[in-house]
Amino acid sequence: MVIDVFETVRYTYRLRPGRTAEAALLDEWGRCRWLWNEAVHQQRTGRKPTFGTLSKMLTEARSRNAWLRAGSQVAQQQSLRTYAIALDHSFKVKGRGRPKVKRLKDAPASLEYTTRGFRIKAGVLCLPGKVTVPVVWSRELPSEPTSVRVYRDNLGHWYASFVVRRARADTPEADLPAIGVDWGVKTTATTTDPAFDLPHLGHRKRCAAERGKAQRKMARRRPPKGQPPSKGYLSAKRLAARIEKKAARQNTHDARVWAKSITDHHALIAVEDFKPKFLAKTRMARKAADAAIGACKRELIDRGTRAGRKVVLVPPAYTTMTCSECGARANLRLGLGVRIFECAACGYTADRDLNAARTILATAERNRAGADDIRHTIASFRDGGSDAVRAGNPPNSSVGSR
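Quick caveat, the model's predicted, so the values are computed rather than measured. (Residues numbered from 1 in each chain as written. Predicted model: local features only at pLDDT ≥ 70, side-chain atom pairs only at ≥ 80, totals over all residues. Heavy atoms only, no water.)

With that settled, consider the nonpolar core. Formed by 25 residues in total, the largest nonpolar core has its most connected members in Leu15, Tyr113, Leu125, Leu127, Val150 and Phe162. Contributions of two or more residues to this core are made by strand 1 (6-15), helix 1 (19-44), strand 2 (110-114), strand 4 (124-127), strand 5 (131-136), strand 6 (147-152) and strand 7 (158-167). In this structure, Leu15 is in contact with Leu125, Val133, Pro134, Val135, Val150, Trp158, Tyr159 and Ala160, ignoring residues within four places of it in sequence. Of all hydrophobic cores here, the second largest spans 24 residues; its members include Val185, Phe196, Ala255 and Cys296. (Core = buried A, V, L, I, M, F, W, Y, C linked by side-chain atoms within 4.5 Å. Buried < 20%, exposed > 50% of the residue type's maximum accessible area, 1.4 Å probe, protein only. Helix = DSSP H or I, 4+ residues; strand = E, 2+ residues; numbered from the N terminus. Contact = heavy atoms within 4.5 Å.)

Given below as structure tokens:
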């Protein structure tokens, strides 16, 4: 098997558009948003057009409408292509819904350009319609970009995300140890090696008072229904969004640093396949959101796979109830207040999260996944993994019991 020494990644940079350039970008976004909504309408009315049909409709619409012709055909075509991909994923990816209408007040501006629609000249991003936007080059591009996505976040900041190819980082020696990762709320990630644990840092909780103050200011300045918002309301709303964005960026930074440390020092990474969505309906919802378990999990899997590590996703069923020393499973579910696991068969005693992490690692080692394999295995490895998990919700999981 030939291993590609290059990888395709995104390099994102901050943009500094002037007033004229920003107005042109928003006008272009208005055209692309209209095309997206028209494609959604075509699908909902039962016509079910393909991407080829939508492209023909775009050509006819541009010939009749000067407003569409004033925009970039590349950006409009890419908008329809993105819609077709989203519609295809709604049929193939579990949990994905059909594409929805993009409303002006809550849909973030986003434009896609291929190599025919942009170029970089003297450090400036040149877009169709003689739109030039200065770029804050925080680092050099490793190669010529093949496409770019120009978007605006909820704070009004513009960014350019270039798709480039770069050389893969050298993978360290393969005789590194293995590690098991168990997700939690009190401690975001408990591993078999305590030196690599990810504690709950609570960035959102630390900003809660300041964010609450900004939100109360928003409530006092909220305009009556049907009236446009005042400058004071928009200013308070922007301040609250800036505080929330800061906490989210801190969580992302911590997740990336931790995932890189795990990937650099371990050859086999056994990850609990925990889906934290259900925690939003529990009393732990706020703390679980602050922990950002889903973002940490995605970052760890992505970095491990790109580095060529053995990454195994282990279902969380029975990981807390199973002894990592002898493989015996407890007969009763462990209560939320029980933080120490005690095995009735062999007398092994350990912290319940540490025991679950060791159980996850033992399951992954017994199944011996391939170098690029991410597979689901039964968490209980007693009797060689012959006991299948019965249908229905599992009686216990390592994170849900936090």
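Another point: the layout of surface pockets. Roughly 1,500 Å³ of volume is contained in the largest pocket. As for the largest pocket, its lining consists of 37 residues, of which Arg10, Arg139, Arg256, Glu299 and Arg303 are closest to the centre. Tallying contributions element by element places helix 7 (residues 231-265) first for the lining of the largest pocket, with 10 residues. Its volume calculated, the second largest pocket comes out at about 630 Å³. Lining the second largest pocket are 17 residues, with Lys105, Arg152, Asp153, Asn154 and Lys237 positioned closest to its centre. Those elements giving two or more residues to the lining of the second largest pocket turn out to be helix 1 and helix 7. Looking at the lining of the second largest pocket element by element, the count peaks at 4 residues for helix 7. Across the lining of the second largest pocket, the residue classes tally to 9 nonpolar, 2 polar and 6 charged. (1 Å grid on protein atoms, 1.4 Å probe; cavity = no way out; pocket = protein on both sides within 12 Å on 5 of 7 lines; lining within 4 Å. Points joined across faces, edges and corners; volume = space filled by probe spheres on them. Nonpolar A, V, L, I, M, F, W, Y, C, P; charged D, E, K, R; others polar.)

On to the sheet that holds strand 7. Taken in spatial order, the 7 strands line up as 2-6-7-1-5-4-3 in an open sheet, and their pairing is antiparallel. Of all the strands in the sheet, the pair left with one neighbour each is strand 2 and strand 3 (119-121). When the angles between neighbouring strand axes are averaged without regard to direction, this sheet yields 35°. As paired elements, strand 3 and strand 4 share 3 bridges and run antiparallel to each other. Residue pairing across strands places Arg119 opposite Cys126, the latter belonging to strand 4. (Pairing = 2+ DSSP bridges. Axes fitted to C-alpha atoms, helices over the stretch in contact; angles between N-to-C directions.)

Detailed reading of the predicted coordinates is not advisable wherever pLDDT falls low. Per-residue confidence for the protein chain averages 84 on the pLDDT scale, and 89% of its residues sit at or above 70. The model gives residues 369-402 a pLDDT under 50, and that stretch makes 101 contacts with residues more than four places away or in other chains. (pLDDT = per-residue confidence, 0-100.)

Turning our attention to the packing of aromatic side chains. Evaluated as defined, the whole model comprises 8 aromatic pairs. Here Trp183 and Trp258 contribute two aromatic rings whose centre-to-centre distance is 5.8 Å and whose plane-to-plane angle is 65°, an arrangement assigned as edge-to-face. In this pair, Trp183 is assigned in strand 8 (residues 178-183) and Trp258 in helix 7, connecting sequence segments 75 residues apart. The same class applies to Trp183 and to Trp258, which are both buried. Cation over ring: Arg98 sits above Phe91, and NZ or CZ is 4.0 Å from the ring centre. The cationic tip of Arg139 hangs over the ring face of Tyr11; the distance from NZ or CZ to the ring centre is 3.7 Å. (Phe/Tyr/Trp six-rings, centres within 6.5 Å; stacked < 30°, edge-to-face > 60°. Lys NZ or Arg CZ within 6 Å of the ring centre and 35° of its normal.)

This brings us to helix 6 (residues 208-220). For the α-helix, the turn length of 3.6 residues means that residues three or four positions removed from each other point alike. Between its first and last C-alpha, helix 6 extends 18 Å over 13 residues, near the 18 Å set by a 1.5 Å rise per residue. The set of residues buried in helix 6 consists of Arg211, Gly212, Ala214 and Met218. Across the axial projection of helix 6, the buried residues extend over an arc of 165°, all falling on one side. More than 90 degrees from the buried face of helix 6, the exposed residues found are Ala209, Glu210, Lys213, Arg216 and Arg220. On the buried face of helix 6, the contacting elements are helix 5 (203-206) and helix 7. (Expected span 1.5 Å × (residues − 1). Arc of directions from axis to C-beta.)

So, about helix 9 (residues 293-306). The end-to-end C-alpha distance of helix 9 is 20 Å, a good match for the 20 Å that 14 residues give at a rise of 1.5 Å each. Of all the residues in helix 9, the buried ones are Ile293, Gly294, Cys296, Lys297, Glu299, Leu300, Ile301 and Gly304. For helix 9, the secondary structure elements touched by its buried residues are strand 8, helix 7, strand 10 (268-272), helix 8 (285-291) and strand 11 (310-314). Just downstream of helix 9, Gly308 is the residue with a positive phi angle, here 80°.

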